Structure formats: C-alpha cells, structure tokens
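Coordinate inspection notes
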Amino acid sequence: MKQRKLGIKIICFIIGVYINAFGIDLVTKGNLGTSPISSVAYVLSLRFDALSFGMATFLMNAVFLVMQIIILRGKFNLPLLLQLPASFLLGFFVNVNMALLDFLNPTNLFMQLISVLLGCLILGLGVSIEVAPNIVKIPGEGIVYTMSEVYHGVFGHIKVSFDITLVIISVILSFIFFGRLNGLGIGTIISALLVGRFVNLFNRLLTPTYDRFIR
C-alpha cells in the first residue's frame, strides 16, 4: 500500500510539473510578458543567446534552492536537494512545451489576454498538484512553501508577494540589458496578481481528492 501511494505521489508530482511548465509557456506565448515565476529566467534567456528558456529556468530554480538552504539554516535536510533534478525536469518541460506551442502567436489583444488568463489558471492548477504530494517541490514553489512554514504565512499570499518581487527584479534587469522593458508586460502583472489566488482556489477544491489518494 505504501509503495502504491508513493507511486501515485510521484506520478502526481510529474503531472503537476508538466502542467506548471505548460502554464508558464502559455502565459509567455500570449506575447504580453511571461509569468512572474519565470520573468527573471525569461529576461536572461533573451539577453544571452546560449541560454534557452528552459535552461535559464533551471538555473533560477537552483538559486531558489540556495535561498531555501539559507532560510532553513540548521533545519536544512538532504532530501531538499531532490529539488535540483525536479528543477531540471521543469526546465525540460518548458522547452518541450515551447516547441509544442510554436504555432501559437496571437496578435489580437483579446486572444493574447485569453492566452495569459488560461495560462495563469493552468499554472495555478499545476502548482497545486505539484505541491500536494509533499515529496519534492520545484524550488520556485519550494521557496514560497519554506517561507510560509518558517514565517507562518498563507502559501498563496506569500506567492503573490514573491512573484511581485521577481517582477521588480526582472524590470531592473530588462532596463540594464536592453534599456527598455523586454519580455515583460501587462501579462506579467496579471499573472502576479492571479496565480497565487488560483493556487488557493485549487487547493480548496482539490483537498478532498488529495486526502483520498496522495495524503
């Protein structure tokens, strides 16, 4: 029974990571700016040709892992390092989905907004599914979870604050690299305001399912 439940948890985690990556890419393909969690990585990928979006995502998640180690200090445990291969998985899925969505290049503002809003919804679902098994987290969510545990805050609320911080850093980098906003826009702001709320929504809606199958 324990092995079966562990298998279900692993499958749920992988599905959550894939959905997470798909949501990130769908927001990005809206051409109104990428999601806040990926904003720094996206700006870096635009600046450095050698960095794909997926690779930059992996490197940023490695930074988030280091931040968790600093926050946890003596409470740090070795299983936390499993977030590193999980980060690689996310980066891989980001590149795969960008290739799959290559056909999607909306130019109409309405369709761009639909892409962003749908991407936010999917990203919120992915984060909720990914975090629920509680076996390993993507560092981008792991850092938010760590802060919510250490500082006793609500996960979704802290995620909103964290996303806004990433957007500010991305804006600064964008002006340093390009002298203007590049890879950021109204879609980034919409994502910063909505994804955390969607996470809270899906957490409430899916809690009975989580409790039955993976907890």
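It should be emphasised that the depicted structure is a prediction, and the values quoted were computed from it without experimental measurement. (Residues numbered from 1 in each chain as written. Predicted model: local features only at pLDDT ≥ 70, side-chain atom pairs only at ≥ 80, totals over all residues. Heavy atoms only, no water.)

Here the focus is the environment of Asn95. Tracing the sequence through the fold places Asn95 in helix H4 (residues 83-100). When the C-alpha atoms of Asn95 and Gly54 are compared, they prove to be 5.1 Å apart, with 41 residues separating the residues in sequence. With near-sequence residues (within four places) excluded, Asn95 lies in contact with Ser52, Phe53, Gly54 and Met55. (Helix = DSSP H or I, 4+ residues; strand = E, 2+ residues; numbered from the N terminus. Contact = heavy atoms within 4.5 Å.)

Moving on: unusual backbone geometry. Not every positive phi belongs to a glycine, and Asn31 is a case in point at roughly 60°. Relative to the elements of secondary structure, Asn31 occurs in the loop between helix H1 (2-29) and helix H2 (36-47). What makes Asn31 partly exposed here is its relative accessible area of 45%. Phi is positive for His152, which is not a glycine, with a value near 55°. By the element assignment, His152 lies in the loop between helix H6 (139-150) and helix H7 (155-178). (Buried < 20%, exposed > 50% of the residue type's maximum accessible area, 1.4 Å probe, protein only.)

What follows covers the nonpolar core. Of all hydrophobic cores here, the largest spans 39 residues; its most connected members are Phe64, Cys120 and Phe162. Going through the elements one at a time, H1, H2, helix H3 (53-72), H4, helix H5 (109-131), H6, H7 and helix H8 (186-213) are the ones with two or more residues in this core. In contact with Phe64, not counting residues within four places along its chain, are Ile37, Pro139, Gly140, Ile143, Phe162 and Leu166. (Core = buried A, V, L, I, M, F, W, Y, C linked by side-chain atoms within 4.5 Å.)

With respect to the secondary-structure elements, Leu89 resides in helix H4. Along the primary structure Leu89 and Phe58 are separated by 31 residues, whereas in three dimensions their C-alpha atoms are 8.4 Å apart. Look past the residues within four positions of Leu89 in its chain and what remains in contact with it is Ile14 and Val17.

Further remarks concern the packing of aromatic side chains. Within this structure, the stated rule accounts for seven aromatic pairs. Ring geometry for Tyr18 against Phe93: centres 5.1 Å apart, planes inclined by 85°, an arrangement best described as edge-to-face. Highlighted residues: Tyr18 in helix H1 and Phe93 in helix H4, separated in sequence by 75 residues. Between Phe58 and Phe88, the aromatic rings sit 6.3 Å apart at their centres with planes inclined by 85°, giving edge-to-face as the arrangement. Of this pair, Phe58 sits in helix H3 while Phe88 is found in helix H4, placing the two residues 30 residues apart along the sequence. Taken together, the ring pairs connect Tyr18, Phe92 and Phe93 into an aromatic cluster. (Phe/Tyr/Trp six-rings, centres within 6.5 Å; stacked < 30°, edge-to-face > 60°.)

Another point: a nonpolar patch on the surface. Nonpolar side chains collect at one region of the surface, where Ile164, Ile168, Ile172, Ile176, Ile186, Ile189 and Leu193 lie side by side and expose about 640 Å² of accessible area between them. For the nonpolar patch, the secondary structure elements donating two or more residues are H7 and H8. With respect to the helices, strands and loops of the structure, Ile189 is situated in helix H8. (Patch = residues over 30% accessible without salt bridge, like charges linked within 9 Å, V, L, I, M, F, W, Y side chains within 5 Å. Areas by Shrake-Rupley, 256 points an atom, 1.4 Å probe, with all protein chains shown as cover. Salt bridge = Lys/Arg side-chain N within 4 Å of Asp/Glu carboxyl O.)

By the secondary structure assignment, Ser128 is in helix H5. Take Ser128: its relative accessible area is 1%, and that puts it in the buried class. Setting aside its immediate chain neighbours within four residues, Ser128 contacts Val199, Phe202, Asn203, Leu206 and Tyr210.

For the rest of this paragraph, the subject is the confidence of the model for the protein chain. For the protein chain, the mean per-residue pLDDT works out to 87, and 98% of the residues sit at or above 70. Across the protein chain, H4 holds the top mean pLDDT of 93, while H8 sits lowest at 82. (pLDDT = per-residue confidence, 0-100.)

Let us look at the packing of H2 against H3. As a packed pair, H2 and H3 sit with axes 8 Å apart at the nearest point and diverge in direction by 130°. As far as their axial angle goes, H3 and H2 are oblique. The hand of the H2/H3 crossing is right-handed. Residue-level contacts link Ile37, Ser38, Val40, Ala41, Tyr42, Leu44 and Ser45 of H2 to Phe53, Ala56, Thr57, Met60 and Phe64 of H3. Of the residues contributing to the contact of H2 with H3, the split by class is nine nonpolar, three polar and no charged. (Axes fitted to C-alpha atoms, helices over the stretch in contact; angles between N-to-C directions. Parallel < 35°, antiparallel > 145°, perpendicular 65-115°, else oblique. Left-handed = near helix turned anticlockwise from the far one by under 90°. Nonpolar A, V, L, I, M, F, W, Y, C, P; charged D, E, K, R; others polar.)

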